[in-house]
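# Report on the structure
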Amino acid sequence: MTVTTITDAQLAPKDYASDQEVRWCPGCGDYAILKAVQKACAELGLVRERTVFVSGIGCAARFPYYMSTYGFHTVHGRAPAIATGIKLANPALDVWVMTGDGDGLSIGGNHMLHVLRRNVDLQIILFNNEIYGLTKGQYSPTSRRGTRSPSTPLGSIEYPVSACGFALGAGARFVARSVDTMQAHLVATLKRGHAHRGASFVEILQNCVVFNDAVFDHVTGKEVAADAQILVEHGKPLLFGKNKEKALRLKPGKLELEIVPTGSDALIHDETNRPLAQLLAALEPPFPAAMGVLYCNPAASYEQEVYAQAGGSKGTGDLDALLNSERTWEVTS
Amino acid sequence: MITSATAPGSGRETRDSVVIRFAGDSGDGMQVTGSQFTLETALAGSDFSTFPDFPAEIRAPAGTTFGVSAFQIHFGGSDVMTPGDAVDVLVAMNPAALTVDVRDLKVGGTVIVDTSAFNERNLGKAGYAKNPLEDDSLARYQVLKFDITKLTADAVKPHGLTSREAHLCRNMWALGLLLWMYGHERAATIEWLKRKFAKKPVIAAANIAALNAGHAFGETAEMPEHLVGYVVPKAVARPGRYRTVSGTEGLAWGLVAGLRAAGIEKMVFAGYPITPASALLHTLANLRAYGVVTFQAEDEIAASGAALGASYTGALGVTSSSGPGIALKTEMLGLAIATELPLVVIDSQRAGPSTGMPTKAEQSDLFQAVHGRNADSPLAVLAAATTSDCFDVAIEAVRLATKYMTPVIVLSDGYLAHAAEPWRIPREADLPKFPVSYRTDPEGFHPFLRNSETLARPWVKPGTPQLEHRIGGLERDYDSGHISYDPDNHARMTKARADKIAGIARDIPLQDVALGDDHGALAVVGWGSTFGPIHQAVKIARDEGRDVSHVHVRYLSPFPRNLGDLLKQFDRVLVPEMNNGQLVKLLRAEYLIPAEPFGKVTGKPFRVTEIVQAIRKIGGERK
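Position labels on residues start from 1 in each chain and follow its written sequence. Here chains are named by letter from A upward and ligands by number from 1 upward, in the order in which they appear as written. Where totals are concerned, whole chains, interfaces and linings use all residues; where local detail is concerned, this predicted model gives features only for residues with pLDDT of at least 70, and gives and counts side-chain atom pairs only at 80 or more.

## Examining the overall build of chain B
Numbering of helices and strands runs from the N terminus, with a helix taken as a DSSP run of H or I at least four residues long and a strand as a DSSP run of E at least two residues long. Of regular secondary structure, chain B possesses 20 helices and 23 strands. Two things to know: the radius of gyration comes from C-alpha atoms, and the globule rule equals 2.2 Å times the number of residues to the power 0.38. Its C-alpha radius of gyration of 27 Å places chain B within 12% of the 25 Å reference for a compact globule of 623 residues. When its C-alpha atoms are laid out on the principal axes, chain B stretches across 85 × 65 × 50 Å. Exposure is read from a count of other C-beta atoms within 10 Å of each residue's own; the residue is exposed at 12 or fewer, buried at 20 or more and partly exposed in between. C-beta atoms are placed from the backbone. By residue count, 54% of the 623 residues in chain B fall in the buried class. Taking as baseline every contact in chain B between residues at least 6 positions apart, the subset at least 24 positions apart corresponds to 75%. Remark: residues whose backbone-derived C-beta atoms lie within 7 Å of one another are considered to be in contact.

## Focus: the overall build of chain A
Scanning chain A from N- to C-terminus turns up 11 helices and 14 strands. Its C-alpha atoms give chain A a radius of gyration of 22 Å, within 12% of the compact-globule value 20 Å for 333 residues. Overall size of chain A, expressed as C-alpha extent along the three principal axes, is 95 × 50 × 50 Å. For chain A, buried positions account for 51% of its 333 residues. Across chain A, contacts joining residues at least 24 apart in sequence account for 66% of those joining residues at least 6 apart.

## Notes on the nonpolar core
With 217 residues, the main nonpolar core has B:Val268, B:Ala306 and B:Val410 as its most contacted residues. Top element by residues in this core is helix 14 (residues 387-404) of chain B. It accounts for 10 residues. Buried Ala, Val, Leu, Ile, Met, Phe, Trp, Tyr and Cys residues form a nonpolar core when they are connected through C-beta atoms within 7 Å.

## Observations regarding the interface of chain A and chain B
Facing 48 residues of chain A, the contacting portion of chain B comprises 59 residues. Elements supplying a minimum of two residues to the side of chain A that touches chain B: strand 2 (70-73), helix 2 (79-89), helix 4 (109-118), helix 11 (319-323) and strand 14 (329-331) of chain A. Among the elements that take part in the side of chain A that touches chain B, helix 2 of chain A stands out by supplying 8 residues, more than any other. Ten residues, namely Ala, Val, Leu, Ile, Met, Phe, Trp, Tyr, Cys and Pro, are considered nonpolar, four, namely Asp, Glu, Lys and Arg, are considered charged, and the remaining ones, Gly among them, are considered polar. For the side of chain A that touches chain B, a count of residues per class yields 20 nonpolar, 20 polar and 8 charged. DSSP bridges decide pairing: two strands pair if at least two such bridges lie between them. As judged from the 3 bridges shared by strand 2 of chain A and strand 18 (residues 470-472) of chain B, these two strands associate in the parallel manner. Bridge assignment links A:Gly71 to a residue of strand 18 of chain B, and that residue is B:Arg470.

## Observations concerning the environment of B:Val608
All names here are of chain B. Relative to the elements of secondary structure, Val 608 occurs in helix 20 (residues 608-618). A residue is classified by how many C-beta atoms lie within 10 Å of it, and Val 608, with 22 of them, is buried. Distance from Val 608 to Ala 297, taken between C-alpha atoms, is 40 Å for residues 311 residues apart in sequence. Residues contacting Val 608, with those up to four places away along its chain left out, are Thr 82, Asp 85, Pro 533, Gln 536, Ala 537 and Ile 540.

## A few points about the confidence of the model for chain A
What pLDDT conveys is the predictor's confidence in a given residue, as a value from 0 to 100. Of all residues in chain A, 98% attain a pLDDT of 70 or more, and the chain-wide mean is 95. Of the regions scoring below 50 in pLDDT, residues 1-5 of chain A engages in 11 contacts with residues more than four places distant in sequence or in other chains.

## Re the sheet that holds strand 11 (residues 267-271) of chain B
To summarise the sheet geometry, strands pair through backbone hydrogen bonds and adopt either a parallel or an antiparallel arrangement. All names here are of chain B. In spatial order, the strands read 12-11-13-14-16-15-21; together these 7 strands make up an open sheet with mixed pairing. In this open sheet, the two edge strands, each paired with only one partner strand, are strand 12 (292-296) and strand 21 (555-557). Shown here is a sheet whose adjacent strand axes are inclined to one another by a mean of 20 degrees, direction ignored. Relative to strand 13 (residues 316-321), strand 11 runs parallel, the two sharing 5 bridges. Residue pairing across strands places Phe 269 opposite Val 318, the latter belonging to strand 13. Lying on the sheet, helix 9 (residues 247-262) is in contact with strand 11, strand 12, strand 13, strand 14 (343-349) and strand 16 (407-413); it crosses strand 13 at an angle near 165 degrees. Against the sheet, helix 12 (residues 323-339) makes contact with strand 13, strand 14 and strand 16, and its axis sits at roughly 160 degrees relative to strand 14, the strand it touches most. The axes used here are C-alpha line fits, helices contributing only the stretch in contact, and every angle between their N-to-C directions lies in the interval 0 to 180 degrees.

## What to know about the pairing of strand 7 (residues 174-179) of chain A
All names here are of chain A. With 6 of its 6 residues buried, strand 7 lies for the most part within the structure. Where burial is concerned, the two faces of strand 7 agree: the one with Phe 174, Ala 176 and Ser 178 and the one with Val 175, Arg 177 and Val 179 are both buried. Where strand 7 and strand 13 (residues 289-296) come together, 4 bridges link them in antiparallel fashion. Paired with Phe 174 across the strands is Cys 296, a residue of strand 13. Pairing of strand 7 with strand 8 (residues 200-205) involves 5 bridges; the strand directions are parallel. By the bridge assignment, Val 175 is partnered in strand 8 with Phe 201.

## Some details on the packing of helix 7 (residues 187-196) of chain B against helix 8 (residues 201-219) of chain B
Residue and element names in this part refer to chain B. Remark: helix 7 packs on helix 8, axes separated minimally by 9 Å, with the N-to-C direction vectors making an angle of 160 degrees. Relative to helix 8, helix 7 is oriented roughly antiparallel. For the pair helix 7 and helix 8, the sense of crossing is right-handed. Here Thr 189, Ile 190, Leu 193 and Lys 194 of helix 7 come into contact with helix 8, specifically with Ala 204, Asn 207, Ile 208 and Leu 211. Orientation labels follow simple angle bins: below 35 degrees gives roughly parallel, above 145 gives roughly antiparallel, 65 to 115 gives roughly perpendicular, and whatever is left gives oblique. By convention the crossing between two helices is left-handed if the near helix lies anticlockwise of the far one by an angle smaller than a right angle, and right-handed if it lies clockwise.

## A closer look at the packing of helix 2 of chain A against helix 4 of chain A
Residues and elements named next belong to chain A. At their nearest, the axes of helix 2 and helix 4 sit 8 Å apart, and the two run at 35 degrees to each other. Residues Pro 80, Ala 81 and Thr 84 of helix 2 form the contact with helix 4, whose participating residues are His 111, Met 112 and Val 115. Taken together, the residues that form the contact of helix 2 with helix 4 break down as 4 nonpolar, 2 polar and no charged.

## Focus on the sheet that holds strand 19 (residues 520-526) of chain B
Residues and elements named next belong to chain B. Ordered in space as 20-19-22-23, the 4 strands form an open sheet in which the pairing is parallel. Among the strands making up the open sheet, the edge pair consists of strand 20 (548-552) and strand 23 (596-599). Looking at each pair of strands side by side, their axes are set apart by 25 degrees on average, direction ignored. In terms of strand pairing, strand 19 meets strand 20 through 5 bridges, oriented parallel. Residue pairing across strands places Gly 526 opposite His 552, the latter belonging to strand 20. Sheet contacts for helix 17 (residues 531-543): strand 19, strand 20 and strand 22 (570-577); angle to strand 20, the most-contacted strand, approximately 165 degrees. Here helix 19 (residues 583-591) sits on the sheet in contact with strand 22 and strand 23, set at roughly 145 degrees to strand 22.

## Re the environment of B:Ala92
All names here are of chain B. The topology assignment puts Ala 92 in strand 6 (residues 87-92). Accessibility expressed as a C-beta count within 10 Å gives 29 for Ala 92, which makes it buried. Note: C-alpha distance between Ala 92 and Met 578 (486 residues apart in sequence) is 28 Å.

## Section: the pairing of strand 13 of chain B
All names here are of chain B. Counting buried positions along strand 13 gives 6 out of 6 residues, so the element sits mostly inside the fold. Covered by surrounding structure in strand 13 are Leu 316, Val 318 and Ser 320 together with Gly 317, Thr 319 and Ser 321, the residues of both alternating faces. Across 4 bridges, strand 13 lies against strand 14 in parallel orientation. Note that in strand 14 the partner of Thr 319 across the bridge is Val 345.

## Overview of unusual backbone geometry
In the segment running from A:Pro285 into A:Pro286, the intervening peptide bond is cis, with an omega of 10 degrees. For A:Pro286, the position within the fold is in the loop between helix 9 (274-281) and strand 13. In the segment running from B:Ser557 into B:Pro558, the intervening peptide bond is cis, with an omega of -10 degrees. Considering the arrangement of structural elements, one finds B:Pro558 in the loop between strand 21 and helix 18 (563-567). The backbone of A:Glu130 shows a phi angle near 55 degrees, a positive value even though the residue is not glycine. Positive phi outside glycine occurs at B:Leu455, with the angle close to 65 degrees.

## Section: helix 10 (residues 278-285) of chain B
Residue and element names in this part refer to chain B. Among the residues of helix 10, Leu 280, Leu 281, Thr 283 and Leu 284 are the ones counted as buried. The buried residues of helix 10 occupy an angular sector of 165 degrees when projected down its axis, which confines them to one face. Check the buried side of helix 10 and you find it contacts helix 9, strand 11, strand 12, strand 13 and strand 14. The arc under discussion is defined with respect to the helix axis, by the directions toward the C-beta atoms.

## Considering helix 1 (residues 30-43) of chain B
Residues and elements named next belong to chain B. Expected helix span is computed as 1.5 Å times (number of residues minus one). Given a rise of 1.5 Å per residue, 14 residues ought to cover 20 Å, and the 20 Å separating the end C-alpha atoms of helix 1 matches this to within 8%. Most of helix 1 sits out of view: 11 of its 14 residues are buried. Buried residues of helix 1: Met 30, Thr 33, Gly 34, Ser 35, Gln 36, Phe 37, Thr 38, Leu 39, Glu 40, Thr 41 and Ala 42, and no others. Gly 45 lies just past helix 1 and shows a positive phi near 95 degrees.

Given below as structure tokens:
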């Protein structure tokens, strides 16, 4: 029910920036994400006063302070719950949840699960840098095994959670992935997420220049990107490589993907197919990492259905009738 | 049971007031039986107070003592303020109910039993080596032995029920008999049965047959010698229209009335299932037509978060729980305090710590409500004294939350939530009005600009043009609202938050004296659901010539501005509370007075006599 019919076409990306000094570390991937979000806002013509950015705690959670819209910096992990309350109170607001891997998948994992399965109409942007930045570099739930950090001096022994895999498992109806440095792709992905009615989940691989620098280089590095990423598009074959010479297809007789030379029955991406999205979300080297809209299959959003059940009630029921419902009796003097 | 004369012409004896307890298995329908008896009592014009006491187990194994569910009602001609200390009539549907509840029966009191239920198996489960109906262990009581099982089966026979279905009608037979004993009508119960079993007319008819059979059993010559009818006089009440109200209903309707009074379009009530608070969520879930949106969140934290998100949006955010759940909401209360947003939090207290005794009442969350947060985090705390007071306190919570842009915790408890009493129904037109105003003017705006009188910041609905702003849990500058780590600013903001809450004392009534003089030998100071027993106890003590007053505190944070001076007018201060001494410590800390604790932590409300004895121990004689 996000109302986008009223737009503000005159605004430029910079008009979505607040007057506050941005305080992320120099070189942080968050700058690029901020830029992409502001660009997406301008291209969508979002009306500032009807737009709310909600965040939890962490580096990513500072985001609302840097936007000229309404913003609410809340409690660690709880942004999805607060955003749900905002949408229940006023479904016409355009609400974005800005979160990170620790905020969204560790302390707030439960809220993330439920906001996705309920399908509240929100844009949920998860900055995944595989580390706790603001608390100075501890391993996070998305850190790979072996990650050395102040709290895992011998290397993490935990298996990481896949952000997109989690979202799909939770029942999200829009799941996408992009990279902080891929501006055009990121803006386009954010716009797709915004167009989706219901909870749209966008994972952004984001570089933490201080505590986890270059952790995504094997995927995002200029030299390797063409072979290490596959940009998925609905209805198009799943091809990658410098000259799109490699293709993904289902291994005959198995529910798993294999890499084959282009031309030999490449799989066509179907973003309404949840099992395919799960396969794509889970791809790890030697497979390329899947980027783009992995899954999009809209349904009525939560708050839309809440209000549908209320049957358009204006909430003006007769209070005296309520208080006098059931048995009453009169006492006369 | 205070005996008066035989009522002329009726052949019935008169009783000023009576305490009845229905007790049986949790599947025996005792709560329903009690509720229907309450309704008929109300319609007969008596004053009453009820106390449902049921186990945490939904269906404990049949016949066990821990599966006993009871419902107590005290009714009479005047001033019924508690469910009653001791029971005049105990209806025990099985041996377990007898063994658990007979200890509260007065010597000479009446116990009505279903003889069929006293079989070897049930006696064993209840821990009886011998059948108490066949020895002299109940000699101190009048025992009325009826084969209720068989009498019910006979009554429902024409309706062709299974024996299991017939068994479930026993409670209606017992209800019919008790209604006859006290000269109550059956019409409202019959009407209720028809409604409840509208889709099962045979079941409705059978239950009505059982009800009528129980009634007829008393009416006809089948009466055993001790079974006589009574008349209980009507209460003298202020003229008006009345109904029964439970604490849960009082809170739910009070919240709706508060929403109306504040002129707010919508309430978002977010909760998570927890005993004994869930009933409030259930009640409000049916009030969509009154602007209420309910949300069952994934946990207590999310419930408080969604409520706060709604408040941020300009709606009235309300969340509710019991002690363990309130603990989880703590961080969101901190955010509500930091961002200065209204939030109403209802705490239906129960016995703890941890899971404790979910269905048993306690008043042990006072410290949690007043102080249970990190950092200096003041907020307002109110407590409801009676089930009808729940309505007024809920309205007051909405007023303070919206006027002062603060979270307000309302302390109720498991007893108030389920208890019921007669309530004089107010008219919406007579209720207070305190319309909120949302800031819309961009001129000179910043989000923490304070109202010079209340120190409240402006409430802005997202969607308002040119007032876009950012708020959050980080400390903010007093003069601009922007993030600030400035040391002096933090000191200034901490003081501003404290002053704002302290200033509420100027906007609430002075502390009154519920009974007695405003000075004297002893003040008995209570809060919350102990109102009834304290009031009765003080009345008895005063009748004994003691110089005792009852002070009942509704505003627990901040305290009324005259509370300290008032209490200093008494030689001694006694603080009965259902905890290990919490208000007493707050009073001592705040006013440096030697207030004395009197705690009860059994999960059951105070008896009047317990407080009378505590008063006698102190003395309180007139000088």
